[in-house]
Amino acid sequence: MDPKSPEFIIDQPLNSLGFVFEDLSATRVSGHLTVTEKCCQPFKVLHGGVSALIAEGLASLGAAVASNYKRVAGIHLSIHHLRPAALGDFVFAESFPVSVGKSIQVWEVRLWKTKKTEKPENRKMVSTSRVTLFCGLPIPDHVKGAPGQVKNFVSKL
Ligand SMILES: CC(C)(COP(=O)(O)OP(=O)(O)OC[C@H]1O[C@@H](n2cnc3c(N)ncnc32)[C@H](O)[C@@H]1OP(=O)(O)O)[C@@H](O)C(=O)NCCC(=O)NCCSC(=O)c1cc(O)c2ccccc2c1O
């Protein structure tokens, strides 16, 4: 982990679990994670809170871009854990907007799993989430640089 890297700055909790962003735009956000001990609950499957963390992170970044880098804040998240993802599984995450309004956005986030050796087409859905975000909040002085950091991250992907 490099504390100066854009990945670390943009979402420290996701970065610390090894999440890697692939795409980030107003219409699609994606990335992946290998399930390690750090991400697991006691039965060695992906912790449900980690799935929710991924959902919140992807939806928030997508909504920030879709609102032209205004400040957004998640106000509701619902998640269905459909299948467990086991230690060592490769988890792919993708997110897309369901609705982009001036003040409210709704994003869908899906997590899929494959075994390390399996082809991507054999993926199975692990969870599906809906995230509702409020957009266009005022930006406090001490975080004035945050929209620029998001822009910088988008340009580097
Ligand atoms: C809950 C389900 C098992 C229900 O399955 P359902 O009946 O809806 O559907 P299927 O029968 O078709 O199965 C779907 C899918 O589930 C897996 N599965 C089914 N049965 C079993 C089983 N007996 N053992 C293991 N896995 C089973 C299997 O992968 C099936 O997929 P196929 O590909 O074979 O079709 C199921 O919905 C499910 O397992 N959901 C995921 C639940 C989950 O992973 N939740 C998040 C993690 S839980 C958590 O976060 C957590 C945190 C903590 O801190 C804890 C602390 C202490 C204790 C527990 C903690 C904890 O659980």
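Quick caveat: nothing in here was measured; it's all calculated off a predicted structure. (Residues numbered from 1 in each chain as written. Predicted model: local features only at pLDDT ≥ 70, side-chain atom pairs only at ≥ 80, totals over all residues. Heavy atoms only, no water.)

Novice: Can you explain the side chain of Lys113? Please cite residues and give values.
Specialist: Within the fold, Lys113 resides in strand S5 (residues 104-114). Although buried, Lys113 forms no salt bridge, and the nearest oppositely charged side chain, Asp89, lies 4.6 Å from it. From its side chain, Lys113 meets the backbone oxygen of Pro84 in a polar contact 2.7 Å long. Apart from residues no more than four positions distant in its own chain, Lys113 is found in contact with Arg83, Pro84, Ala85, Asp89, Phe90, Asn122, Arg123, Lys124 and Val126. (Helix = DSSP H or I, 4+ residues; strand = E, 2+ residues; numbered from the N terminus. Buried < 20%, exposed > 50% of the residue type's maximum accessible area, 1.4 Å probe, protein only. Lys, Arg positive; Asp, Glu negative; His and termini not counted. Salt bridge = Lys/Arg side-chain N within 4 Å of Asp/Glu carboxyl O. Polar contact = N/O pair within 3.5 Å; in protein donor to acceptor, adjacent residues only side chain to side chain. Contact = heavy atoms within 4.5 Å.)

Novice: Now, about the pattern of salt bridges: what can you tell me, with residues and values included?
Specialist: Scanning the model with the defined rule gives eight salt bridges in all. A salt bridge links Glu94 to Arg28; the nearest nitrogen and oxygen atoms lie 3.3 Å apart. Of the two residues, Glu94 sits in strand S4 (residues 90-100) while Arg28 sits in the loop between strand S1 (20-24) and strand S2 (29-34), which places them 66 residues apart along the sequence. Several salt bridges share partner residues, and in doing so they unite Asp23, Arg28, Glu94 and Arg123 into one network.

Novice: Got a sec to walk through a nonpolar patch on the surface? Specific residues and values, please.
Specialist: There is a patch of nonpolar side chains on the surface, built from Ile75, Ile104 and Phe134 and spanning about 250 Å² of accessible area. Residue placement: Ile104 occurs in strand S5. (Patch = residues over 30% accessible without salt bridge, like charges linked within 9 Å, V, L, I, M, F, W, Y side chains within 5 Å. Areas by Shrake-Rupley, 256 points an atom, 1.4 Å probe, with all protein chains shown as cover.)

Just geometry here; none of it tells us what the structure is for.
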